[in-house]
2 protein chains.
Amino acid sequence: MPNSSNTQPFLKVIPLGGLGEIGLNMMVMEYDETLILIDSGLMFPEDDMLGIDIVIPDFSYIQKNRDRVRALIVTHGHEDHIGAIPFLLREFQIPIYGTPLSLALIREKLKEHGLLERSELNQVLPREQISIGPFQIEFLQVCHSIPDGVGLAIRTPVGILIHSGDFKIDNTPIDGRRFDMARFGAYGEEGVLALFSDSTNVERPGYTLSERDVGNTLREIFQECAGRIIVAVFASNLNRIQQVIRLAREFNRKVLLNGRSMAVNVRIARELGYLNFPPEEEITLQELARLPDSEVLMLTTGSQGEPMSALTRMAFDDHKKLKVQRGDTIILSSKFIPGNERTIQNIINHLYRHGAEVIHEQVRDIHVSGHAYRQELKTMISLVKPRFFIPVHGEYRHLVKHRQLAIDMGIPEENCLLAEDGSTILCGPDQISIGERVPTGRVLVDGKGVGDVEGVVLRDRRHLSEDGLVIVSLVIDKETSEILSGPDILSKGFIQEETHSEILDSAKCVILEVLDNLLEKDYEVDTSVLQAEIHRELKRFFNRVLYRRPVIYAIVVDI
Amino acid sequence: MPNSSNTQPFLKVIPLGGLGEIGLNMMVMEYDETLILIDSGLMFPEDDMLGIDIVIPDFSYIQKNRDRVRALIVTHGHEDHIGAIPFLLREFQIPIYGTPLSLALIREKLKEHGLLERSELNQVLPREQISIGPFQIEFLQVCHSIPDGVGLAIRTPVGILIHSGDFKIDNTPIDGRRFDMARFGAYGEEGVLALFSDSTNVERPGYTLSERDVGNTLREIFQECAGRIIVAVFASNLNRIQQVIRLAREFNRKVLLNGRSMAVNVRIARELGYLNFPPEEEITLQELARLPDSEVLMLTTGSQGEPMSALTRMAFDDHKKLKVQRGDTIILSSKFIPGNERTIQNIINHLYRHGAEVIHEQVRDIHVSGHAYRQELKTMISLVKPRFFIPVHGEYRHLVKHRQLAIDMGIPEENCLLAEDGSTILCGPDQISIGERVPTGRVLVDGKGVGDVEGVVLRDRRHLSEDGLVIVSLVIDKETSEILSGPDILSKGFIQEETHSEILDSAKCVILEVLDNLLEKDYEVDTSVLQAEIHRELKRFFNRVLYRRPVIYAIVVDI
């Protein structure tokens, strides 16, 4: 059994998140006295995580090894890779390494959390190498739905490890920054011990379209538009935004930016030179009002139907300054993320009610994925020729299928590992195996609370949400059990009280009967017995008359 | 303005549901003293309808005209067309007309609700005609994802109206019951005043695949399977079920039926001769255990990840008698209905964890829609050649696009109406227009309660679900304002109390401070003032320390 002493012959790789879910990406690599982290992302809450804002990885393994943590390497600036960094840096001092855009987005985030002062951000460009303890790390340019993404080639005492990051292979990217095929190939030729590769789209056959193809479809749509054009897109998809801005120029339209994150990301990308968007092409709301519709383009957030976004408010006629009007063409240039479909379709219906035309990914090719499809995943394996293969970034079924893809390509079955969050992957120069598990998990963030809402609390929220709440209050005399006050009944989320007061009146009778029955048996009534009886009888009563099971509180006080 | 007197020259068509949503299909047709209904369907609750079981149409227009209602015509046996019938028949006595399978499914439903005795069910076969007052109605055979579906040709004093029902055009259906193209054409040739046509799939180009194509893909999959095969499918999709049963025979597998609705529907379909499934091909759980895996096939419900279904319980290892095992192939032969995607994918992940292989519509063509695609919708219009066109069955955007499709085919724009739930469509022999609105809406059913949970109650449920609940109870002396009992704090769905008791302790201090402050100002404390103050200060306190806004109840009693 390997241990962590100085003579440790094994390198350990431990995914803390992202192997068993989409999002929450975080990985530990450690050798001897050095531990580095790759990414620290959040996940958006699942449907049953009521009231939860975001989900972050469990840092307890980092806590336990805090003295050895030397660096956080960031592959790109999406929330599922950087979103947990403020929570990480609140507890630990860790230098961060990343490409310019990723760092700029992290900087913005740390500023918001008041953590920027005490943070160390180190810029690394693609093909640059950094050394951290026994690790020599080269950043390899990849394509993704945000610019400046990288994969990692990590030279270690046991061999070379390649981490794909989130990637697609786009041979005609908008910004000219191609997937660095040659460099991946060079490592492959040198000999790679293990490849950790993005599994998100393993269920999709063939190749992703190029980002450029979206531009062509958008051009066709622009040609047909006489009125205003409103394009909803993720604010981080800066290559998409660049294409829209170029098309606006081509069709003599001026651009209004809408939404806070849109403004922030465009500002950052302009400053760093990732976006060609001359100030004279941008307009304000006031200027928009003076332009003919045919010269207006709006870039907005809200493509997922986020409740507070400009697009949603426009759809529901709830935006102070912007109205959707007949003749508008609204283009939702992003994926319908599973779970958001009905919300988005609801918004589309409302946009049609205002007389707009709506174009979305389900009717036209106006979005391409940022994640490699099956043929690209195979290309990655052909380039890198790893001895061992470990699928990362995906739900369980994605990992299973990606592993099978590698086996089908001829990597021996025993060299293709199925690791999960918390698996310790033990890497030696000639073998890789999965060792013991370390504690990992999903830490729920609700407001300022981190990890204080878990199983029981969520179950209670679910229960409250289903049939609401009934509160009974009653004060009785300690000596005589005579009623001093009440019974009063409050309800919330249970029934329309105004129109169904008879139900609550009958419930009062149930309570009085309970009290009478107890008094018949015994002169002195115990409040906890009375509470339990009221609870039981009301539960039975509501179930009988309404077939409903509200949360019931019976508060009985004796004085 | 038309009126409802005896001399009324207009026929009225009023959709009570289904024009603005998927589901809830119900339509009124009335002329003079006769009113008939077409379908009476339910809708499944939207995401924000917390705790709601089903949604039914508002019957108040029927209530108002109850003396004139003569018949309910049913186009097919899906829940979104028959699911509200028990609620309708609870209030009204209306004879029902439908095809054998539709009636059998309705009968089952009425039996459950104890309404069968007082119901009148009249069987009509395709190409049969019935007369109800001034309406002469012919049932026209169509294809759909349940057998025995019909469209309606309704001869009226103002002209012929065609209602498509839910349809697709399948030239190679499994049961040989083709879409009755010739009969639709004959009416078209005779001259049709108006066509009401299903809009569900207007966003999809081309043609739907034939049900038979699914069979071919299933055969390919069966050929690859050495272990058990588990097929999850809607219990009403009896043609799909027939195909699976035939394939089981072909591959020498015996069939286990799993799930209550599967058993009921298969029984009914067998009795009526809609399913060829000899008893010797069916096995029980005991027999299954004795067969080799390669001779087993299971037909199960649960393709939408319904929490109590056999498939879900098997996935979560929560089924007493059935376990998923390595080598099983699980085929989800149905659509991922929007809103259910994440639940279904979660189940797929769990099935993979048990070592099963899972095949679903997103990776292979093992499902076809029951609703016509664009080319079929055009075929319907070409056959029927209506003078007026009214899209039905769809969300708002579907209706808009279907109307546009008809205009693109050459029907004059002014003859293509965009009606919605509650629109009165006034039909004369030479014109159709939209008149005044009648009350319609979505009536929410929660347990036994119909319509007693609405806006405010749902908002309260939402609020409770987000940050939970805090209840404060306090009894004070009426004279001295001295505390007699409390303050006690209960919370639910708010915070893990065991690990964060300090928050609730601090909240108690906040309450005591509120009381002290009031006492300083005034000797006698008003309980309602005290309640309001406690509420305000606790709200502020929780927002400050946790950034959370639970529902707060302060119950203060003075004795």
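Quick notes on the rules
- Residues numbered from 1 in each chain as written.
- Chains lettered and ligands numbered in written order.
- Predicted model: local features only at pLDDT ≥ 70, side-chain atom pairs only at ≥ 80, totals over all residues.
- Heavy atoms only, no water.
- Core = buried A, V, L, I, M, F, W, Y, C linked by side-chain atoms within 4.5 Å.
- Buried < 20%, exposed > 50% of the residue type's maximum accessible area, 1.4 Å probe, protein only.
- Domains from an automatic or database assignment.
- Contact = heavy atoms within 4.5 Å.
- UniProt positions renumbered as here; feature names shortened; annotations may be inferred.
- Helix = DSSP H or I, 4+ residues; strand = E, 2+ residues; numbered from the N terminus.
- Least-squares fit on C-alpha atoms with pLDDT ≥ 70 in both.
- Pairing = 2+ DSSP bridges.
- Polar contact = N/O pair within 3.5 Å; in protein donor to acceptor, adjacent residues only side chain to side chain.
- Expected span 1.5 Å × (residues − 1).
- Buried area = accessible area lost by both parts, 1.4 Å probe.
- Salt bridge = Lys/Arg side-chain N within 4 Å of Asp/Glu carboxyl O.
- Nonpolar A, V, L, I, M, F, W, Y, C, P; charged D, E, K, R; others polar.

**Q** How do you make sense of the nonpolar core when you look at a structure like this?
**A** Proteins that are soluble and globular tend to have nonpolar side chains buried together. Core analysis: the biggest nonpolar cluster contains 66 residues, and A:L37 and A:L299 have the highest contact counts within it. Of the domains in this structure, domain 1 (11–206 + 369–450) and domain 2 (211–359) of chain A are the two that each give at least three residues to this core. Excluding residues within four positions of it along the chain, A:L37 makes contact with A:M26, A:M27, A:V28, A:I62, A:V69, A:A71, A:L72, A:I73, A:L88 and A:I94. Judged by nonpolar contacts, the second largest core, of 65 residues, contains B:V28, B:F59, B:A104 and B:V438.

**Q** In this structure, what is going on with the UniProt feature "binding site: substrate" (unreviewed entry) in chain A? I would like to understand it.
**A** All names here are of chain A. The sites that carry the UniProt feature "binding site: substrate" (unreviewed entry) are, in the present numbering, A235, S236, N237, H367, V368, S369, G370 and H371. Within the secondary structure, A235 is located in the loop between β13 (229–232) and α7 (238–250). Looking at A235, the relative accessible area reads 8%, which means it is buried. Setting aside its immediate chain neighbours within four residues, A235 contacts I241, S261, M262, N265 and T301. Residue placement: N237 occurs in the loop between β13 and α7. For N237, a relative accessible area of 4% corresponds to the buried category.

**Q** When you look at the relation of the copies chain B and chain A in this model, what are you seeing that I'm missing?
**A** Superposing chain B onto chain A takes a rotation of 180° plus a shift of 0.1 Å along the axis, which leaves an RMSD of 0.1 Å. Here the symmetry operator amounts to a two-fold rotation axis. Residues of chain B ranked by C-alpha distance from the rotation axis are headed by B:S465, positioned 2.5 Å from it. Residue by residue, 98% of the interface of chain B is reproduced at the interface of chain A, so both copies engage with the same surface.

**Q** Is there a simple way to think about the sheet that holds strand β23 (residues 449–450) of chain B in this case?
**A** Backbone-to-backbone hydrogen bonds pair the strands of a sheet. The strands run either parallel or antiparallel. Residue and element names in this part refer to chain B. As summarised here, the arrangement of the three strands in space is β4-β22-β23, forming an open sheet in which the pairing is antiparallel. Looking at which strands have only one partner, the edges of the open sheet turn out to be β4 (54–57) and β23. As paired elements, β4 and strand β22 (residues 442–446) share four bridges and run antiparallel to each other. Bridge assignment links I56 to a residue of β22, and that residue is V443.

**Q** What's the story with the UniProt feature "active site" (unreviewed entry) in chain A in this structure? I'm lost.
**A** All names here are of chain A. According to UniProt, the "active site" (unreviewed entry) feature falls on D198 and H371. A maximum C-alpha distance of 7.7 Å is found for the annotated residues, which run over 174 residues; spatially they form one tight group. On the secondary structure map, D198 appears in strand β12 (residues 194–198). A relative accessible area of 1% means that D198 is categorised as buried. Here T200 takes part through its side chain, which lies 2.7 Å from a polar atom of the side chain of D198. Its place among the elements puts H371 in the loop between β18 (357–360) and α12 (374–384). By relative accessible area, H371 is classed as buried at 15%. The residues contacting H371, other than those within four sequence positions of it, are H144, D166, F167, K168, D198, T200, N201 and T208.

**Q** Which parts of the structure should I look at to understand helix α14 (residues 455–467) of chain B?
**A** Helical periodicity: at 3.6 residues per turn, an α-helix aligns residues three or four positions apart in one direction. Residues and elements named next belong to chain B. Between its terminal C-alpha atoms α14 stretches 19 Å, which fits the 18 Å expected from 13 residues at 1.5 Å a residue. What α14 keeps buried is the set V457, L458, D460, R461, L464, S465 and D467. Once α14 finishes, G468 follows within two positions and takes phi at roughly 75°, a positive value.

**Q** I tried to follow the interface of chain B and chain A on my own but got confused; where do I start?
**A** Interface size is commonly expressed as the accessible surface area that is lost when the partners come together. The partner chain A presents 64 residues to the 65 residues of chain B that form the contact. Together, B:R342, B:R397 and B:K492 form the three largest contributors to the area buried by chain B at its contact with chain A, with a combined 12%. Put simply, B:E420 and A:R353 hold a salt bridge, and the shortest N to O gap is 2.6 Å. Inspection of the chain B/chain A interface yields 28 residue pairs in polar contact (both at pLDDT 80 or more). Elements represented by at least two residues in the side of chain B that touches chain A include exactly α11 (341–353), β18 (357–360), α13 (396–408), α14, β24 (469–476), β25 (483–492), α16 (527–546) and β26 (551–558) of chain B. A per-class count over the side of chain B that touches chain A returns 28 nonpolar, 16 polar and 21 charged.

**Q** Mind showing me how you'd approach the pairing of strand β24 (residues 469–476) of chain A here?
**A** Residues in a regular strand project their side chains so that they alternate between the two faces of the sheet. All names here are of chain A. In terms of residue burial, β24 counts as a mostly covered element, since eight of its eight residues are buried. Alternating positions in β24 separate into two faces, L469, I471, S473 and V475 on one and V470, V472, L474 and I476 on the other, with burial throughout. Where β24 hands over to strand β25 (residues 483–492), the hairpin turn is made up of six residues, of which S481 adopts a positive phi near 60°. Relative to strand β26 (residues 551–558), β24 runs parallel, the two being bridged by eight bridges. Across the sheet, residue I476 finds its bridge partner in β26, namely D558.

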